[in-house]
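Fold and geometry: a report
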Amino acid sequence: MKNIVLIGFMGTGKTSTGKLLAKRLGAAFIDLDRAIEEEYGMTIPVMFQQKGEAYFRACEHAMVEKTAGRRNTVISTGGGTVKDPANMAALHEGGIIVCLKADIDTILARTASHGTRPVLDSEDQGDRRQAIASLLAERRRLYEVADFYVDTSTRTPREVVDEIIRQIKHEKIGGGSHA
Ligand code: S3P
């Protein structure tokens, strides 16, 4: 089975969906952010604070290079993994790219806890909704690299997984059995 790579903005459900999807498919699961935290021995917010975003992006790229060559793996990316075209080229090589989407209010609610999303916490606007809206607008085009989209705003994680499996079968892009 090709990898299934979940991309999408913060709060769209990449991690929870990825875990469930991997379980359902009997595939391995890798969450890039958690893998980075384990490898470098610090949380992402601490990494941003102590080493800066450029350092985090370099670690993120190294982790993509390390994981993209696997097979039979569901890979949940970070919201900004799409910023580096080399990341997406490597992930697309052996994987189907699925973009999870959600509306702004859903993203706002799901990312409400401060201290966990440094790219939002560092925004100066004060208004978190506005910070999300402008980052979403900035990145929208980057998420178009996906093979297909699934909106998670009103779906349960199980429904999201069902929809991903349905679309893979429908588009016959899986290169194997997924159910
Ligand atoms: C980021 C999203 C985060 C994490 C880091 C940067 C981003 O992942 O990789 O804080 O630039 O959007 P989630 O999308 O899992 O929150």
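The present account deals with the structure reproduced in this document. The shown structure was predicted, so the numbers you read here are calculated from the model rather than taken from an experiment. (Residues numbered from 1 in each chain as written. Predicted model: local features only at pLDDT ≥ 70, side-chain atom pairs only at ≥ 80, totals over all residues. Heavy atoms only, no water.)

Considerations on the side chain of Ser-153
Along the chain, Ser-153 falls in the loop between β5 (148-151) and α9 (157-171). Among the polar contacts listed, one links the side chain of Ser-153 to the backbone nitrogen of Asp-103, at a separation of 2.9 Å. Of note is the side chain of Ser-153, whose polar atom sits 2.6 Å from the side chain of Asp-151. Excluding residues within four positions of it along the chain, Ser-153 makes contact with Lys-101, Ala-102, Asp-103, Thr-106 and Arg-110. (Helix = DSSP H or I, 4+ residues; strand = E, 2+ residues; numbered from the N terminus. Polar contact = N/O pair within 3.5 Å; in protein donor to acceptor, adjacent residues only side chain to side chain. Contact = heavy atoms within 4.5 Å.)

Here's the deal with the pattern of salt bridges
Taken as a whole, this structure holds 10 salt bridges when the rule is applied. The partner of Lys-83 in a salt bridge is Glu-53, with the nearest N and O atoms 3.2 Å apart. Taken as a pair, Lys-83 in the loop between β3 (73-76) and α5 (85-93) and Glu-53 in helix α4 (residues 53-67) lie far apart in primary sequence, 30 residues in all. Take Glu-53: its relative accessible area is 30%, and that puts it in the partly exposed class. One connected set of salt bridges, linked through shared partners, spans Glu-53, Arg-57, Glu-60 and Lys-83. (Salt bridge = Lys/Arg side-chain N within 4 Å of Asp/Glu carboxyl O. Buried < 20%, exposed > 50% of the residue type's maximum accessible area, 1.4 Å probe, protein only.)

Some details on α4
End to end, α4 covers 21 Å across 15 residues, agreeing with the expected 21 Å (1.5 Å per residue, within 8%). When we look at burial in α4, the residues that qualify are Phe-56, Arg-57, Cys-59, Glu-60, Met-63, Val-64 and Thr-67. The arc enclosing the buried residues of α4, seen along the axis, measures out at 160°, which places them on a common side. Exposed side of α4, more than 90 degrees from the buried face: Ala-54 and Lys-66 are the residues found there. (Expected span 1.5 Å × (residues − 1). Arc of directions from axis to C-beta.)

Re the sheet that holds strand β4 (residues 95-101)
Strand order in the open sheet formed by 5 strands is β2-β3-β1-β4-β5, with parallel pairing between adjacent strands. Strand pairing shows two members of the sheet lacking a second neighbour, β2 (28-31) and β5, which therefore form its edges. Strand-to-strand twist of the sheet, defined as the mean angle between neighbouring strand axes without regard to direction, takes the value 25°. Two elements, β4 and β5, share 4 bridges in a ladder whose sense is parallel. Each bridged residue has a counterpart across the sheet, and for Cys-99 the counterpart in β5 is Tyr-149. In the packing of helix α2 (residues 32-40) onto the sheet, the strands contacted are β2 and β3, and the crossing angle to β2 comes to about 70°. (Pairing = 2+ DSSP bridges. Axes fitted to C-alpha atoms, helices over the stretch in contact; angles between N-to-C directions.)

Geometric values such as these leave the question of function open.
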